Amino acid sequence: MKPLLRGALAGVLLVLTAVACTSPSPSPTPMPTPTPPPPPTIAIFPVGQALSALAFDGESLWVANRGDNTITILRKDGAVRAITTAGRAPSALAYGGGFVWAANEEDGTVTKLTLSGQQVRTVPVGKRPVALAYTSDALWVANYDDGTVWRLSRDGAVTGRVQVGRLPRALVASSQWLWVANQGDGTVAQVDLNSLAVRTFPAISGPSPGIVAGNDRGVVAMTWDGASVWLAFPKANAVTRVGEDGAMLGYVGVAGGPAALLALEDAVWVGDGQGESITRLTREGKVVGSYALGGAPAALVSDGTDLWVALANRDAVARVSP
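Now for a description of the structure that goes with this document. Along each chain, numbering runs from 1 in the same order as the chain's sequence is written. Given that the model is predicted, a residue must reach a pLDDT of at least 70 before its local features are reported, and side-chain atom pairs must reach 80 or more before they are shown or counted; all residues, however, enter totals for whole chains, interfaces and linings. Excluding hydrogens and water, the side-chain figures rest on all heavy atoms present in the structure.

**Details of the sheet that holds strand S16 (residues 187-192)**
Phase 1 of the analysis: Any two strands with at least two DSSP bridges between them are considered paired. A run of H or I in DSSP counts as a helix once it spans at least four residues, and a run of E counts as a strand once it spans at least two, with each numbered from the N terminus. An order of S14-S15-S16-S17 is seen for the four strands of this open sheet, with the pairing classed as antiparallel. The outermost strands of the open sheet, each flanked by one partner alone, are strand S14 (168-173) and strand S17 (198-202). Strand-to-strand, the axes of this sheet are offset by a mean angle of 20°, without reference to chain direction.
Phase 2 of the analysis: Sheet analysis places strand S15 (residues 177-182) next to S16, joined by six bridges and oriented antiparallel. What sits directly across from Asn182, in S16, is Thr187. Think of each axis as a best-fit line through the C-alpha atoms, taken over the contacting stretch in the case of a helix, with angles from 0 to 180 degrees between the N-to-C directions.

This is the structure in structure tokens:
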């Protein structure tokens, strides 16, 4: 090839290379915006008066009606299967060992019931029992007025008691610990399930937006998500997440006075007492949606498919279907 032609071709290649290098790269394809879940279907079923607690026994929903001293047992379709009694002002329910247990706040007792609603045994406990939790071999009872937690065996015998803090209001169990929310002194207690050794730490262990000096730090509800405990502060309009070492892992502002909590596999549900609604959070604490119920949630429970909500001021329960 002649030198003149070879030079001309080299120049063309140089220009083409420069054009290729300076051409704009294609714009990235935008990621689709996640579609929020559709709003749930909500059905309302009347029960007793001034609802205070819920439990699910694998087949039926149990509703504690504190206002008329009754317990309503519902099928999953909302039909009443039975109405029974346990004691005065039933304030908490727990299912375990093939029985349902009811805390009777004004009597200072706990009643063991068959799944048909028949009373088996009533056990005196501390002053104003307001919360229950069942583990593999024991029932735990929080007594609001005397700051104690009692442990009962499966047959109802008292096997231990421990001082936990002022005005214990809520209980939840993990694999190693019983967690106790002390509303009166703003603390959370860890009780070893075997030795009953107690470790106590502040319910708020670090700076949090919305929860500052002067705001109420009393916890009224708890739930366990398998790795951490969630705490509800109604007067501070806040929900926090706490690790097993007591360190705060997250904060979520929830308006309307959060008063009930339930952690499920894919979400954490918050009942807003003043807002008369429920709020769905991701396990990381992001708000996914809020749904009006027309009543103040006092307790939450799942039947494995649907969420049930006790509406304290409406004398009814809501079945929330995905």
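The rest of the description comes next.
**Quick notes on unusual backbone geometry**
Phase 1 of the analysis: If you check the backbone angles, Asn69 has positive phi at about 60° while not being a glycine.
Phase 2 of the analysis: Of note, Asn69 is situated in the loop between strand S3 (61-65) and strand S4 (70-74).
Phase 3 of the analysis: Each residue gets one of three labels from its accessible area relative to the maximum for its type: buried under 20%, exposed over 50%, partly exposed in between, using a 1.4 Å probe on protein chains only. Given the relative accessible area of 30%, Asn69 is considered partly exposed.
Phase 4 of the analysis: The phi torsion at Asp315 lies on the positive side, around 55°, for a residue other than glycine.
Phase 5 of the analysis: Turning to its location among the elements, Asp315 is positioned in the loop between strand S27 (307-311) and strand S28 (316-321).

**Things to note about the nonpolar core**
Phase 1 of the analysis: One finds Trp179, Val188, Val219, Met222, Val229, Leu231 and Phe233 to be the most contacted residues of the largest nonpolar core, which totals 18 residues.
Phase 2 of the analysis: Looking at this core, the elements with two or more residues in it are S14, S15, strand S18 (221-224), strand S19 (229-233) and strand S20 (238-242).
Phase 3 of the analysis: Contacts are assigned to residue pairs that have any heavy atoms within 4.5 Å of one another. Excluding its chain neighbours within four sequence positions, the residues that come into contact with Leu231 are Val188, Ala203, Val219, Ala221, Met222, Ala238, Val239, Thr240, Val242 and Leu261.
Phase 4 of the analysis: Nonpolar cores were defined as sets of buried Ala, Val, Leu, Ile, Met, Phe, Trp, Tyr and Cys residues, with membership established by side-chain atoms within 4.5 Å. Counting residues in hydrophobic clusters, the runner-up holds 15 residues, among them Ala131, Ala142, Ala189 and Leu193.

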